[in-house]
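Fold and contact review
Each chain is listed here by its residues.
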Amino acid sequence: MSTTRAANFVSSRRILLWSGIAVLCAWVLVPIYLIALGAFGGRSAVYLWPKTGLPTGLSFEPFLLFLRTEGVLGSFLNSLGAAAITVALSLLLGAPAGYALARYNFHGKDSFRLMVLLTRAFPLAILALPLTVSFIRLGLYDTVTGVGLVHTVLALPFAVLVTQGIFLGVPRELEEAAWVFGCSRIQAFFKIVAPLALPGIAATAVFAFVISWNEVFAASVLTVRNRTLTAYLLTVLAESPMHYRFAGGLMLILPSVVFIFAVRRYLFAIWGISSK
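Thresholds, definitions, all that
Residues numbered from 1 in each chain as written. Predicted model: local features only at pLDDT ≥ 70, side-chain atom pairs only at ≥ 80, totals over all residues. Heavy atoms only, no water. Helix = DSSP H or I, 4+ residues; strand = E, 2+ residues; numbered from the N terminus. Buried < 20%, exposed > 50% of the residue type's maximum accessible area, 1.4 Å probe, protein only. Contact = heavy atoms within 4.5 Å. Areas by Shrake-Rupley, 256 points an atom, 1.4 Å probe, with all protein chains shown as cover. UniProt positions renumbered as here; feature names shortened; annotations may be inferred. Phe/Tyr/Trp six-rings, centres within 6.5 Å; stacked < 30°, edge-to-face > 60°. pLDDT = per-residue confidence, 0-100. Core = buried A, V, L, I, M, F, W, Y, C linked by side-chain atoms within 4.5 Å. Domains from an automatic or database assignment.

What to know about the overall build of the protein
Counting its regular elements, the protein contains twelve helices and zero strands. Per-residue burial over the protein gives 35% buried out of 276 residues. Contacts in the protein between residues far apart in sequence, at least 24 positions, make up 73% of those at least 6 positions apart. When the accessible area of the protein is evaluated, it comes to approximately 16700 Å², of which 72% is carbon and sulfur surface.

Looking at the UniProt feature "transmembrane region" (unreviewed entry) in the protein
Feature annotation in UniProt assigns "transmembrane region" (unreviewed entry) to the following positions: residues 15–40, 80–102, 114–136, 148–171, 192–213 and 246–267. For residues 15–40, the helix share is 100%, the strand share is 0%, and the end-to-end C-alpha distance is 35 Å. Structurally, residues 80–102 comprises 100% helix and 0% strand, and the distance from its first C-alpha atom to its last is 31 Å.

Re the side chain of Ser-212
Relative to the assigned elements, Ser-212 resides in helix 8 (residues 185–214). Beyond its immediate stretch of four places on either side in the chain, Ser-212 contacts Ala-82, Ala-83, Thr-86 and His-151.

Here's the deal with the packing of aromatic side chains
Enumeration according to the criterion identifies eight aromatic pairs in this entry. Seen in terms of ring centroids, Phe-76 and Trp-213 are 5.7 Å apart; in terms of plane orientation they differ by 85°. Their pairing is edge-to-face. Residue Phe-76 is located in helix 3 (residues 72–103), and its partner Trp-213 is located in helix 8; the two are separated by 137 residues in the primary sequence. Ring plane angle 85° and centroid distance 5.2 Å describe the contact between Phe-189 and Phe-190, whose orientation is recorded as edge-to-face. The rings of Tyr-99, Tyr-104, Phe-167, Phe-189 and Phe-190 are connected pair by pair, giving a single aromatic cluster.

Some thoughts on the confidence of the model for the protein
The predicted model of the protein has a mean per-residue pLDDT of 79, with 82% of residues at 70 or higher. Every residue in residues 272–276 scores below 50 in pLDDT, and together they form three contacts with partners more than four places removed in sequence or on other chains.

Topic: the nonpolar core
If you look at the biggest cluster of nonpolar residues, it comprises 29 residues, and the most contacted ones within it are Phe-63, Phe-66, Val-150, Leu-229, Leu-250 and Met-251. The set of elements that each furnish at least two residues to this core consists of helix 1 (2–47), helix 2 (61–67), helix 3, helix 6 (144–168), helix 8, helix 10 (229–236) and helix 11 (242–262). No other element matches the five residues that helix 8 contributes to this core. Looking at this core, you find at least three residues from each of domain 1 (1–57) and domain 2 (59–269). Contacts of Leu-229, omitting those with residues within four sequence positions, involve Val-72, Ser-75, Phe-76, Ser-79, Trp-213, Met-251 and Leu-252. Grouped together as the second largest cluster of nonpolar side chains are nine residues, Tyr-99, Val-170, Val-193 and Ala-197 included.

A word on the environment of Ala-205
For Ala-205, the position within the fold is in helix 8. Counting along the chain gives 116 residues from Ala-205 to Leu-89, while the straight-line C-alpha distance between them is 10.0 Å. In contact with Ala-205, other than residues within four places in its own chain, are Val-87, Leu-91 and Phe-259.

This is how it looks when you write it as structure tokens:
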């Protein structure tokens, strides 16, 4: 009798788990699917009601027409450039800072960590005017580099704190063993610590990319001609047909999905899940 109860309990838990996974997948994928229907189906698909489960009459032409709109491709490349700068600088600056916080004890360590966290709580709107004036003086106004630097400031606190936690999870004894076998501190870091911390670093890169890709306020204030995709769509799509708006939404979603898919194996490694 007890064996039957245990089997029923395990079966119920399994059903509950898979039901939760199905609901979560639907929560994420259904909106993307509906946006894709509007982007590829044109005006008729947008206003079709009730929505059909299976796509009918879809064509790439409405989406390609949106891509051929003046300014879309340029703003897309600007967004990619700003995101690349954000990811690179967030990792180059955040990972060493996180490693220092994880491995060394120094005066004011806790205060420094708190200050890093508080920078995310500071309203960006207050800095809009000073940033604009400073960027004009430095020649960074209306440039992808300037936008990337601001996005780096937004992503850097997360990069520092997350990489600190990742490096704390790597046993110090492994580094000490590498030192014993003749590795320098730098060699031990790149040969021992970095490979073990790679999943967390990949997660940090994903977060930095998403922050830069979705950010619109700084990109709108600090650019006029070289706008990112979010800033460009904010100004253009308000007067555009509905299917153009769906195409713009799909354009914003796809790069993040592709980027996350590209680093998925490192993300899965955080939970020990095989991606093969």
